[in-house]
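Close look at the chain arrangement
So you can see what is in the structure, the chains are spelled out below.
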Amino acid sequence: MRAPLTPLDDALAELLAQAVPVLGVETVDSFDADGRVLRQDATSPLQVPPADNSAMDGYAVRVADLAAAADAELPVVQRIPAGSAAQPLAAGTAARIFTGAPVPAGADAIVMQEDCEPLADGQRVRIKALPTPGQWIRCAGEDIALGAQVLSAGTRLGPASLGLAASIGLARLSVSRRPRVALFSTGDELVMPGDVAPERMPPGAIYNSNRFFLRAMLRRLGCEVTDLGIVPDRREATLDALRSAAASHDLILTSGGVSVGEEDHIKPAVEALGELRLWQIAIKPGKPFAYGRIHHAGGAAHFMGLPGNPVSSFVTFSLLVRPFLLALQGASDLAPRAMAATAAFDWPRADRRREFLRVRWTAEGMLERFGNQSSGVLTSAAWGDGVVDNPAGQTIARGDTVRFISFADLLS
């Protein structure tokens, strides 16, 4: 009797329970921290901006001096570029001011230069629009207050968060060590592009596409990748590859060979060196998936075996391996974002498994489906903008609201 299929959410929960963030912490230059996971809260030692400053090029004024009417003329008594100090502004005067420059004490509004007319070689200015108090003034601390926590441990750092860290003076950041991942494929049918020309491909041979996209996805997740290439379909070769990789890596990731055929050596090899759970996940594509641990003298390395079909491998990596690796680094945001969208297609064949249909946006802002949803058609992933996460047993009619997950999120 076949074991029941494991729901995706149950499989992911079990995986994440194993993803204890045991990676070491290292301090890196903030310039080099893109994509890394922050391990220590970042608290601001100052307020940002440090003082009131101008949001525009123009003139700093006192609103009371202009309350009577527009077209008032004021003497210009100082010029304040960004980075300079400002003198207090006396009643009945104006100051030429530039974006980012400190607002002089006494001034309570900025009039943009388009609403002003310089006179007498800039010695005087005509104010042609009445300002309101606080106009075009960026107040001290309006972005970041003194002592505020600006970034939390577990944040996966990106360009904006790195700029935020720099704005409070953090030149170095405490982040998780990069996960060390060993990657290899199994299958005597696999050949590498460049090793054999297309016209010389032997019968039954295929190019190893999985190796390329898995390696790229691992690197996008900040991993240090050791590419062990293609391991022959022999038990001893598989044992040797697993044994040597386990000693110096956090995770061993394979594609292909996780079935129970006579030429599938991954399952018995992992079991001989540690422990293995072979799951049949209730998703389409991507049903076969294996998780285990391979023991070595210093502990154990995680093992994950993906299916050999390229779209199945792509989908299971995105939905299971990616959140596992983020959790291993201590990241707090693991799930890809999903959004409601409108289907521009019909899908009348409900499946008993949860389906991930490759789709892309139309010019009208709807989702069209790739024609061939086979697990071997990698063209669908290159063509698409993402997937529709379709619950088991559910059909889709044109105009229905569906749950869309973008490849931009799954590949980030």
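Before any of the text, the structure's been laid out above.
We now turn to the structure provided with this report. (Residues numbered from 1 in each chain as written. Predicted model: local features only at pLDDT ≥ 70, side-chain atom pairs only at ≥ 80, totals over all residues. Heavy atoms only, no water.)

**Topic: the overall build of the protein chain**
- Helix and strand content of the protein chain: eight helices and 26 strands.
- In terms of overall size, the protein chain is more extended than a compact globule, its C-alpha atoms giving a radius of gyration of 30 Å where 412 residues would be expected to give roughly 22 Å.
- With the C-alpha coordinates of the protein chain rotated into their principal frame, the extents come out at 95 × 55 × 45 Å.
- The long-range fraction of contacts in the protein chain, counting pairs at least 24 apart against all pairs at least 6 apart in sequence, stands at 69%.
- Accessible surface computed for the protein chain: about 19300 Å², of which carbon and sulfur atoms make up 52%.
- With 39 positive and 45 negative side-chain charges, the protein chain shows a separation of 4 Å between the mean positions of the two kinds. (Helix = DSSP H or I, 4+ residues; strand = E, 2+ residues; numbered from the N terminus. Rg over C-alpha atoms; globule rule 2.2 N^0.38 Å. Contact = heavy atoms within 4.5 Å. Areas by Shrake-Rupley, 256 points an atom, 1.4 Å probe, with all protein chains shown as cover. Lys, Arg positive; Asp, Glu negative; His and termini not counted. Charge placed at Lys NZ, Arg CZ, Asp CG, Glu CD.)

**What about the environment of Ile 206?**
- When you line up the elements, Ile 206 lands in strand β15 (residues 206–207).
- Residues Ile 206 and Glu 189, 17 residues apart in the sequence, show an inter-C-alpha distance of 6.0 Å.
- Beyond its immediate sequence surroundings of up to four residues, Ile 206 is in contact with Glu 189, Leu 190, Val 191 and Met 201.

**Structural notes on the pattern of salt bridges**
- By the definition in use, this model includes 18 salt bridges.
- The partner of Asp 9 in a salt bridge is Arg 354, and the shortest N-O contact between them spans 3.3 Å. Of this pair, Asp 9 sits in helix α1 (residues 8–18) while Arg 354 sits in strand β23 (residues 354–361), and the two are 345 residues apart along the sequence.
- The partner of Asp 240 in a salt bridge is Arg 243, and the shortest N-O contact between them spans 3.1 Å. Of this pair, Asp 240 and Arg 243 are both found in helix α4 (residues 235–246), three residues apart, which corresponds to roughly one turn of the helix.
- One network of salt bridges, with partners in common, ties together Asp 9, Arg 354, Asp 389 and Arg 403. (Salt bridge = Lys/Arg side-chain N within 4 Å of Asp/Glu carboxyl O.)

**Considerations on α1**
- Along α1, the positions that sit buried rather than exposed are Leu 8, Ala 11, Leu 12 and Leu 15. Down the axis of α1, the sector holding all buried residues measures 95°, keeping them to one side. What points out from α1, more than 90 degrees from its buried face, is the exposed set Asp 9 and Ala 17.
- Contacts from the buried residues of α1 go to β18 (274–280), β19 (283–284), β20 (288–296), β21 (299–306), α6 (310–328) and β23. (Buried < 20%, exposed > 50% of the residue type's maximum accessible area, 1.4 Å probe, protein only. Arc of directions from axis to C-beta.)

**Thoughts on the pairing of strand β7 (residues 109–112)**
- A two-sided burial pattern is seen for β7, the buried positions comprising Ala 109 and Val 111 on one face and Ile 110 and Met 112 on the other.
- Judged from the four bridges that link them, strand β4 (residues 58–61) and β7 form a sheet pairing that is antiparallel. Bridging from a neighbouring strand, Tyr 59 pairs with Val 111 of β7. (Pairing = 2+ DSSP bridges.)

**A look at the nonpolar core**
- Core analysis: the biggest nonpolar cluster contains 45 residues, and Leu 218, Leu 253, Phe 289, Met 304, Phe 317, Val 321 and Leu 325 have the highest contact counts within it.
- It is α6 that contributes the most residues to this core, twelve residues altogether.
- Listed in part, the 18 residues of the second largest apolar core include Ala 182, Ile 252, Ala 290 and Ala 301. (Core = buried A, V, L, I, M, F, W, Y, C linked by side-chain atoms within 4.5 Å.)

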